[in-house]
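Listed here are the chains, written in short residue letters.
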Amino acid sequence: MPHLIIIGGPTASGKTAVAVEAARLLKTELVNADSRQVYKEMFIGTARPTEEELKGISCHLTGHRSIHTPYTTADFEQEALNAISSLHKEHEHVVMAGGTGLYIQAICDGLDPMPDVPETIREDIQHQLETEGIESLQKELLEKDPVYHAQVDLQNPRRLIRALEVCRASGKPYSSFRKKTTTERPFRITRIALLADREELYQRIDQRVNAMMEKGLLNEAESLFEYRTLPAVNTIGYRELFLHLEGHCSLDEAVEKIKLNTRHYAKRQMTWFRNDGRFTWMYADEVMQRLES
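Residues numbered from 1 in each chain as written. Predicted model: local features only at pLDDT ≥ 70, side-chain atom pairs only at ≥ 80, totals over all residues. Heavy atoms only, no water.

Before going further, it helps to examine the packing of helix H6 (residues 134-144) against helix H8 (residues 157-170). Close contact between H6 and H8 brings their axes to 10 Å; oriented N to C, the two are set at 45°. As summarised for this structure, H6 and H8 are arranged oblique, according to the angle between their axes. Taken as a pair, H6 and H8 cross one another with a handedness that is left-handed. For the pair formed by H6 and H8, the contact residues are Ile134, Leu137, Gln138, Glu140, Leu141 and Lys144 on the first element and Pro157, Leu160, Ile161, Ala163, Leu164, Cys167 and Arg168 on the second. Here the contact of H6 with H8 is composed, by residue class, of 9 nonpolar, 1 polar and 3 charged. (Axes fitted to C-alpha atoms, helices over the stretch in contact; angles between N-to-C directions. Helix = DSSP H or I, 4+ residues; strand = E, 2+ residues; numbered from the N terminus. Parallel < 35°, antiparallel > 145°, perpendicular 65-115°, else oblique. Left-handed = near helix turned anticlockwise from the far one by under 90°. Contact = heavy atoms within 4.5 Å. Nonpolar A, V, L, I, M, F, W, Y, C, P; charged D, E, K, R; others polar.)

Estimates place the volume of the second largest pocket at around 920 Å³. Residue lining of the second largest pocket: 37 residues in total, with Tyr71, Thr72, Thr73, Arg158 and Arg162 positioned closest to the centre. Among the secondary structure elements, those contributing two or more residues to the lining of the second largest pocket are helix H3 (73-88), helix H4 (101-109), helix H5 (119-132) and H8. Looking at the lining of the second largest pocket, the element that brings in the most residues is H8, giving 6 residues. Class assignment of the residues belonging to the lining of the second largest pocket gives a composition of 16 nonpolar, 10 polar and 11 charged. (1 Å grid on protein atoms, 1.4 Å probe; cavity = no way out; pocket = protein on both sides within 12 Å on 5 of 7 lines; lining within 4 Å. Points joined across faces, edges and corners; volume = space filled by probe spheres on them.)

In this model helix H9 (residues 198-215) runs 26 Å from its N-terminal to its C-terminal C-alpha over 18 residues, within 8% of the 26 Å that 1.5 Å per residue would give. Inspection of H9 places Leu201, Tyr202, Ile205, Val209 and Met212 among the buried residues, and these make up the whole buried set. Mapping the buried residues of H9 onto a view down its axis gives an arc of 100°, with all of them on the same face. Set apart from the buried face of H9 by more than 90 degrees, the exposed residues are Gln207, Glu214 and Lys215. Count one or two residues on from H9 and you reach glycine 216, which has phi positive near 110°. (Expected span 1.5 Å × (residues − 1). Buried < 20%, exposed > 50% of the residue type's maximum accessible area, 1.4 Å probe, protein only. Arc of directions from axis to C-beta.)

And the structure:
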């Protein structure tokens, strides 16, 4: 049976390097499972792998969508399944790498059946975000679905918007539609989550943010500033620099906020992977030893 190897884990844990080496050893290609790396306008701040980092290995579903076009987990599921199916025609193994839990869950288990959402509802919520801020979405979600409110990343506007779309369209809590069963896939799945010592991970995060700034993250944020209310752009690494550009904090303060918020995000990612229970936690060198044996 065809084989999908998933390399997950927190940001800055070394997923790309491990996935590239795995693909090289298995003579196959990669599929991205990072929700921010799909956007072509966002390169530095999403740590999208460079050609040098990929070392000639093809990586699918990166930089192929625009921040101006809504992109849902369902869109990703369909595109990723198509890519995996196509690659399995030529390769026994395919490697998927990323830290977006919902994307990985969609591929492993399938998505919940959700009600259709009229475009007017989506537009109304987007307008609410732009005029009233993310706090108004958080408050409405608490009122309409306290269960999901307690689970979701409340700083992620895309997740809030999607949940409120379903709440408004159906009149029911978003959590009531969440899947109770899994969808069988025509391939076997190996799930690996990368271990990293906390202090080492935090050092990597700090080093990565510093490197991003040296590569021109501030300039990239400036180029996206007029689109800062779009859900795709309202994310760690850009959000903090937008506050600086609006005069709310110094550049040094913004950079420190990026580092702090990235650490918090990494904690949430580790919690998600641990809660799944099906991932084998390994250090990067352990993964390499297993693949080479």
